[in-house]
Amino acid sequence: MRFLMGNGYSVIVEGILASHRYGQMFTKLFTDHDGPSLAYYLDVSFDETVRRHQTRPQRSEFSDDDMRSWYLPGDTLGLPHEHTVAEGSSFNDTLQLMIAQLAAAGQPRPAPYPAGASRQPRPAPCCPTPAE
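Now for a quick tour of the structure. (Residues numbered from 1 in each chain as written. Predicted model: local features only at pLDDT ≥ 70, side-chain atom pairs only at ≥ 80, totals over all residues. Heavy atoms only, no water.)

Section: the packing of aromatic side chains
- Enumeration according to the criterion identifies 2 aromatic pairs in this entry.
- Both rings, one in Phe46 and one in Tyr71, keep their centres 5.4 Å apart while their planes meet at 70°; by these two values the pair is edge-to-face. Taken together, the positions of Phe46 in helix α3 (residues 46–53) and Tyr71 in the loop between α4 (64–70) and β2 (82–86) put the pair 25 residues apart, joining distant regions of the chain.
- Residue classification places Phe46 among the buried residues on the basis of a relative accessible area of 13%.
- In this structure Tyr71 comes out as partly exposed when scored by relative accessible area, which is 25%.
- Ring plane angle 65° and centroid distance 4.9 Å describe the contact between Phe62 and Trp70, whose orientation is recorded as edge-to-face.
- Looking at Phe62, the relative accessible area reads 23%, which means it is partly exposed.
- On the basis of relative accessible area, Trp70 is assigned to the partly exposed category, the value being 35%. (Phe/Tyr/Trp six-rings, centres within 6.5 Å; stacked < 30°, edge-to-face > 60°. Helix = DSSP H or I, 4+ residues; strand = E, 2+ residues; numbered from the N terminus. Buried < 20%, exposed > 50% of the residue type's maximum accessible area, 1.4 Å probe, protein only.)

In C-alpha coordinates, the structure reads:
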(Lines give C-alpha, C1' and ligand atoms only; values in the text may rest on other atoms or scores of the structure.)
Protein backbone atom coordinates (compact mmCIF):
# COMPACT_ATOMS: atom_id res chain seq x y z
CA MET A 1 0.00 0.00 0.00
CA ARG A 2 2.74 2.46 0.84
CA PHE A 3 4.21 2.00 -2.64
CA LEU A 4 0.92 2.96 -4.28
CA MET A 5 0.13 5.70 -1.78
CA GLY A 6 3.56 7.26 -2.15
CA ASN A 7 3.42 7.60 -5.92
CA GLY A 8 0.51 9.93 -6.57
CA TYR A 9 -2.25 7.32 -6.54
CA SER A 10 -5.52 7.88 -4.75
CA VAL A 11 -6.19 4.64 -2.91
CA ILE A 12 -9.71 3.70 -1.90
CA VAL A 13 -10.29 0.75 0.39
CA GLU A 14 -13.91 -0.29 0.79
CA GLY A 15 -15.44 -3.00 2.88
CA ILE A 16 -16.52 -4.14 6.29
CA LEU A 17 -13.47 -3.00 8.21
CA ALA A 18 -14.10 -3.95 11.83
CA SER A 19 -12.01 -1.74 14.11
CA HIS A 20 -10.92 -4.65 16.31
CA ARG A 21 -9.43 -6.34 13.25
CA TYR A 22 -8.25 -3.48 10.99
CA GLY A 23 -7.92 -0.43 13.24
CA GLN A 24 -4.23 -0.89 14.02
CA MET A 25 -3.32 -1.52 10.36
CA PHE A 26 -5.18 1.57 9.12
CA THR A 27 -3.77 3.71 11.91
CA LYS A 28 -0.29 2.69 10.77
CA LEU A 29 -1.12 3.42 7.11
CA PHE A 30 -2.43 6.88 8.07
CA THR A 31 0.59 7.58 10.26
CA ASP A 32 3.13 6.39 7.69
CA HIS A 33 1.55 8.14 4.70
CA ASP A 34 3.12 11.54 3.96
CA GLY A 35 0.14 12.90 2.05
CA PRO A 36 -3.43 13.57 3.08
CA SER A 37 -5.44 10.58 4.27
CA LEU A 38 -9.21 10.56 4.66
CA ALA A 39 -11.51 7.86 6.02
CA TYR A 40 -15.27 7.54 5.70
CA TYR A 41 -17.72 5.54 7.77
CA LEU A 42 -21.07 4.81 6.15
CA ASP A 43 -23.54 5.05 9.02
CA VAL A 44 -26.36 2.89 7.68
CA SER A 45 -28.93 0.89 9.65
CA PHE A 46 -29.07 -2.87 9.22
CA ASP A 47 -32.43 -2.65 7.42
CA GLU A 48 -30.97 -0.15 4.94
CA THR A 49 -27.89 -2.34 4.51
CA VAL A 50 -30.13 -5.27 3.53
CA ARG A 51 -32.18 -3.07 1.19
CA ARG A 52 -29.07 -1.78 -0.58
CA HIS A 53 -27.57 -5.26 -0.79
CA GLN A 54 -30.65 -6.44 -2.71
CA THR A 55 -29.74 -3.99 -5.50
CA ARG A 56 -26.24 -5.46 -5.99
CA PRO A 57 -25.23 -8.13 -8.52
CA GLN A 58 -23.66 -10.05 -5.58
CA ARG A 59 -26.97 -10.22 -3.68
CA SER A 60 -27.07 -14.03 -3.84
CA GLU A 61 -23.51 -14.49 -2.55
CA PHE A 62 -24.49 -14.11 1.11
CA SER A 63 -27.67 -13.92 3.16
CA ASP A 64 -29.26 -11.40 5.50
CA ASP A 65 -28.20 -13.68 8.38
CA ASP A 66 -24.59 -13.59 7.13
CA MET A 67 -24.72 -9.79 7.04
CA ARG A 68 -26.30 -9.65 10.50
CA SER A 69 -23.29 -11.53 11.91
CA TRP A 70 -20.93 -8.96 10.31
CA TYR A 71 -22.94 -5.82 11.09
CA LEU A 72 -21.26 -3.55 13.66
CA PRO A 73 -23.20 -0.30 14.08
CA GLY A 74 -21.07 2.73 14.92
CA ASP A 75 -17.81 0.80 14.48
CA THR A 76 -15.61 3.64 13.29
CA LEU A 77 -11.86 3.16 13.09
CA GLY A 78 -11.13 6.29 15.15
CA LEU A 79 -8.72 7.62 12.55
CA PRO A 80 -7.79 11.27 12.10
CA HIS A 81 -9.90 12.85 9.37
CA GLU A 82 -12.52 10.08 9.56
CA HIS A 83 -15.88 11.35 8.33
CA THR A 84 -19.30 9.83 8.90
CA VAL A 85 -21.61 9.62 5.89
CA ALA A 86 -25.27 9.64 6.94
CA GLU A 87 -27.74 7.04 5.71
CA GLY A 88 -29.69 9.70 3.81
CA SER A 89 -26.69 10.87 1.79
CA SER A 90 -27.18 9.98 -1.87
CA PHE A 91 -24.41 8.49 -3.98
CA ASN A 92 -23.90 11.86 -5.72
CA ASP A 93 -23.95 13.82 -2.45
CA THR A 94 -21.38 11.44 -0.94
CA LEU A 95 -19.20 11.61 -4.05
CA GLN A 96 -19.30 15.43 -4.05
CA LEU A 97 -18.43 15.50 -0.33
CA MET A 98 -15.42 13.26 -0.92
CA ILE A 99 -14.24 15.27 -3.93
CA ALA A 100 -14.53 18.53 -1.97
CA GLN A 101 -12.65 17.09 1.00
CA LEU A 102 -9.91 15.66 -1.24
CA ALA A 103 -9.55 19.04 -2.95
CA ALA A 104 -9.37 20.80 0.43
CA ALA A 105 -6.68 18.31 1.50
CA GLY A 106 -4.61 19.19 -1.56
CA GLN A 107 -5.52 16.31 -3.86
CA PRO A 108 -6.38 17.03 -7.49
CA ARG A 109 -9.98 16.71 -8.54
CA PRO A 110 -10.52 13.28 -10.12
CA ALA A 111 -11.44 13.17 -13.79
CA PRO A 112 -15.18 12.61 -14.34
CA TYR A 113 -16.34 9.36 -15.85
CA PRO A 114 -16.50 9.61 -19.65
CA ALA A 115 -20.01 9.53 -21.08
CA GLY A 116 -21.32 5.98 -21.00
CA ALA A 117 -18.42 4.66 -18.94
CA SER A 118 -19.05 2.14 -16.19
CA ARG A 119 -18.85 3.37 -12.61
CA GLN A 120 -17.38 0.04 -11.61
CA PRO A 121 -13.91 0.33 -10.05
CA ARG A 122 -10.97 -0.70 -12.16
CA PRO A 123 -8.57 -3.29 -10.77
CA ALA A 124 -5.50 -1.91 -9.04
CA PRO A 125 -2.31 -1.99 -11.12
CA CYS A 126 -0.88 -4.33 -8.56
CA CYS A 127 -2.27 -5.94 -5.50
CA PRO A 128 0.26 -6.14 -2.67
CA THR A 129 -0.58 -8.31 0.27
CA PRO A 130 -0.60 -6.80 3.78
CA ALA A 131 2.81 -8.43 4.37
CA GLU A 132 4.38 -6.39 1.58
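Structure's up, so let's keep going.
Some words on the pattern of salt bridges
- Inspection of every chain in the model, using the stated rule, returns 4 salt bridges.
- Lys28 is the partner of Asp32 in a salt bridge, and the nearest nitrogen-oxygen pair spans 2.6 Å. Taken together, the residues span about one helical turn, with Asp32 and Lys28 both in helix α2 (residues 19–32) at a distance of 4 residues.
- Here Asp32 falls in the partly exposed class, since its relative accessible area comes to 31%.
- A salt bridge links Asp65 to Arg68; the nearest nitrogen and oxygen atoms lie 2.9 Å apart. Separated by 3 residues within a single helix, Asp65 and Arg68 lie in helix α4, roughly one turn from each other.
- For Asp65, a relative accessible area of 56% translates into the label exposed. (Salt bridge = Lys/Arg side-chain N within 4 Å of Asp/Glu carboxyl O.)

Here's the deal with the side chain of Ser37
- Mapped onto the fold, Ser37 is located in the loop between α2 and β1 (39–43).
- At 3.0 Å, the side chain of Ser37 and the side chain of His33 are in polar contact. (Polar contact = N/O pair within 3.5 Å; in protein donor to acceptor, adjacent residues only side chain to side chain.)

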